[in-house]
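# A closer look at the structure
Here is how the chains run, residue by residue.
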Amino acid sequence: MEQEMVINPTWPAEEEPNNDYSVDLNGQPAFVHRARVSAHPLNQVWPGYQRPLEQTEIAAFVSWDMAAPVECVVTSAQPVYSVRLRPTASGLQATVEGNTIRFTISKPGQYTVEVNGTHKALHLFANPPEVDVPQPTDAGVRFFGPGVHCPGLIHMQSNETVYIAAGAVVYGVITAEKADNITIRGRGILDGSKFDRADVHGLINTLGCRGVHIEGVILRDPNVWTVIPVVCQQVHIRNIKLIGLWRYNADGIDFVNSQHCSVEDSFLRTFDDSIVFKGLHGWGGFQCNLEPVADIQVRRCVIWNDWGRALEIGAETIASEITDLLFEDCDIIHTVHVALDIQNTDRGHCHDMLFKNIRIELDDDFKRPQMQGYNGQKYSYKATDLYIPPIIEVLVFKGFWTKDDIRGKADNIRFEDIEVTAWGIPETHLRGWDEEHAVRNIEIRNLRVNGVLMTEVEHAGIRVNEFVSDVRLLP
């Protein structure tokens, strides 16, 4: 049965509101949540202490279910000089009167309101109505109703469901090992803020599982990576929202040596890499045994990346092969290092991948990323220091994250219908290691920058080395 539309669930008194904005949805006041995010693209390789709060700021988010168009009225506590609604491809149009911003959302999705630039943004999570909602008395269901819950580690067994209802804030971490047919769903918040880096591995960590379904939940403030399927099959993720990722190595979704999976209709605002495919020797004591990374699709996702790479393969690629990957119909609304990235630093054979219908927005006020050289170093930049990240990289190399004595290779990679908005022409970098471990057969079709079709390799900013061959730039 389809659940009644929920505009404003009741959130617990312990959930502190964000007072930078007030939001009305169809005339009803909505609760505005807080989430800590990165304020500057400043990073360190894990230095043994957590990131200082002075490098962060508080963003806002609102979540609701809708089955019909919703009029949004956003009032800012600060004067409004400019407003940007993203993704731009959503077509949302705002009217501004004083400090009040009005627009209509016609269908479910994830949207961002940027007032006076990218700082202290407001994120809007418009969900489709829930169907077949489990009941607290159902067998095999761990039901977290509205309110605050502190279960700590939640260990799931086969054929179990964890349901986090709208209005619930669960301070906990979900783990499963060799469990089949498990479900994590709902409209509430799973929050990892009470865990330090060494306590657990991420917010949702599945090891050797088959048939994992994750849907609808909001994942906030993980201690490291957020969702980590390791040597899993048939992990299907839909309409999840990742927010509040500010700590070192706060990745979004990391598929490790897994197969036959998908991520759809989700929002990820991450400090480090957003959606990543990796091959590792092992994770958390669980051995990966060179299992391939294969048959995984990413569709209709919205990505905001504060430091790392948006859609990535690597940098760790210890797998027999990494293949049959699809990234389709996604919006990268901010990124700092690389939008579409293949870093093959180990033995993996990266081949037969397609990036299709990807929209990349680089027309923002993000500054050049910096690595800290010492504790207490501040982020600094000059107003004249213009920066634009590469849009594509396909690299075979030995680097900081290399864990293998064998080099890999990359071939049969396609990029199709890539639309970029930027203040200049962002570069594409293609580099092989040697003749045997090369980059070959790269096709870039219908690459447009600011609406202009790129037809010449040099004009498109494509840079290659001597171990790259058969690069085609096509209309």
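Further up the page is the structure itself.
Below is a short write-up of the structure.

Criteria and cut-off values
- Residues numbered from 1 in each chain as written.
- Predicted model: local features only at pLDDT ≥ 70, side-chain atom pairs only at ≥ 80, totals over all residues.
- Heavy atoms only, no water.
- Helix = DSSP H or I, 4+ residues; strand = E, 2+ residues; numbered from the N terminus.
- Rg over C-alpha atoms; globule rule 2.2 N^0.38 Å.
- Buried < 20%, exposed > 50% of the residue type's maximum accessible area, 1.4 Å probe, protein only.
- Contact = heavy atoms within 4.5 Å.
- Pairing = 2+ DSSP bridges.
- Axes fitted to C-alpha atoms, helices over the stretch in contact; angles between N-to-C directions.
- Salt bridge = Lys/Arg side-chain N within 4 Å of Asp/Glu carboxyl O.
- Core = buried A, V, L, I, M, F, W, Y, C linked by side-chain atoms within 4.5 Å.
- Polar contact = N/O pair within 3.5 Å; in protein donor to acceptor, adjacent residues only side chain to side chain.

A word on the overall build of the protein. Helix and strand content of the protein: 0 helices and 43 strands. Its C-alpha atoms give the protein a radius of gyration of 22 Å, within 12% of the compact-globule value 23 Å for 475 residues. Taken along its principal axes, the extent of the C-alpha atoms in the protein is 60 × 55 × 45 Å. For the protein, buried positions account for 60% of its 475 residues. Sequence separation of 24 or more characterises 72% of the internal contacts of the protein that already satisfy a separation of 6 or more.

One open sheet accounts for 5 strands, arranged β2-β1-β6-β9-β8; its pairing is antiparallel. What marks the edges here is a single partner per strand, and that holds for β2 (28–30) and β8 (95–97). Shown here is a sheet whose adjacent strand axes are inclined to one another by a mean of 25 degrees, direction ignored. In terms of strand pairing, strand β1 (residues 21–25) meets β2 through 3 bridges, oriented antiparallel.

By the criterion of burial, strand β33 (residues 322–334) is predominantly enclosed, with 10 of the 13 residues buried. One ladder, built from 6 bridges, connects strand β30 (residues 293–299) with β33; its direction is parallel. Opposite Val293, over in β33, you have Ile322 as the bridge partner. As paired strands, strand β31 (residues 302–305) and β33 are joined by 3 bridges and run parallel to one another. Considered in β33, the bridge of Val302 is made with Asp331.

Right, let's talk about the pattern of salt bridges for a bit. The final tally for this structure, using the stated rule, is 34 salt bridges. Arg247 is paired through a salt bridge with Asp221; the nearest N and O atoms lie 3.1 Å apart. Placement of Arg247 in the loop between β23 (241–243) and β24 (253–256) and of Asp221 in the loop between β20 (218–220) and β21 (227–230) is noted, with a sequence separation of 26 residues between them. For Arg247, a relative accessible area of 5% translates into the label buried. For Glu316, the salt bridge goes to Lys278, with nearest N and O atoms at 2.6 Å. One end of the pair, Glu316, is in strand β32 (residues 309–317); the other, Lys278, is in strand β27 (residues 275–279), with 38 residues separating them in the sequence. Classification of Lys278 by relative accessible area gives buried; the value is 4%.

Moving on: the environment of Gly109. Its place among the elements puts Gly109 in strand β10 (residues 109–115). On the basis of relative accessibility, which here comes to 15%, the residue Gly109 falls in the buried class. Taking the C-alpha atoms as reference points, Gly109 and Phe267, 158 residues apart in sequence, are found 8.7 Å from one another.

So, on to the environment of Ile182. As for its placement among the helices and strands, Ile182 is situated in strand β16 (residues 180–186). With 66 residues separating them in the primary sequence, Ile182 and Asn116 have C-alpha atoms 43 Å apart. Filtering out sequence-adjacent residues up to four positions away, Ile182 remains in contact with Met156, Gln157, Ser158, Asn159, Glu160, Ala176, Thr206, Gly211, Val212 and His213.

So, on to the nonpolar core. Phe277, Ile313, Leu340, Phe355, Ile360 and Phe415 are the most contacted members of the largest nonpolar core, which totals 85 residues. Beyond its immediate sequence surroundings of up to four residues, Phe277 is in contact with Phe255, Val293, Ile296, Val298, Glu312, Ile313, Gly314, Glu316, Leu325 and Phe327. One finds Trp64, Val70, Cys72 and Leu122 within the second-largest nonpolar core, a separate group that totals 24 residues.

A few words on the side chain of Asn205. Examined against the element boundaries, Asn205 turns out to sit in strand β18 (residues 204–207). On the basis of relative accessible area, Asn205 is assigned to the buried category, the value being 6%. Among the polar contacts made by the side chain of Asn205, one reaches the main-chain carbonyl oxygen of His201 at a distance of 3.4 Å. Every residue in contact with Asn205, bar those within four places of it in the chain, is listed here: Ile174, Thr175, Ala176, Ile228, Val230 and Trp283.

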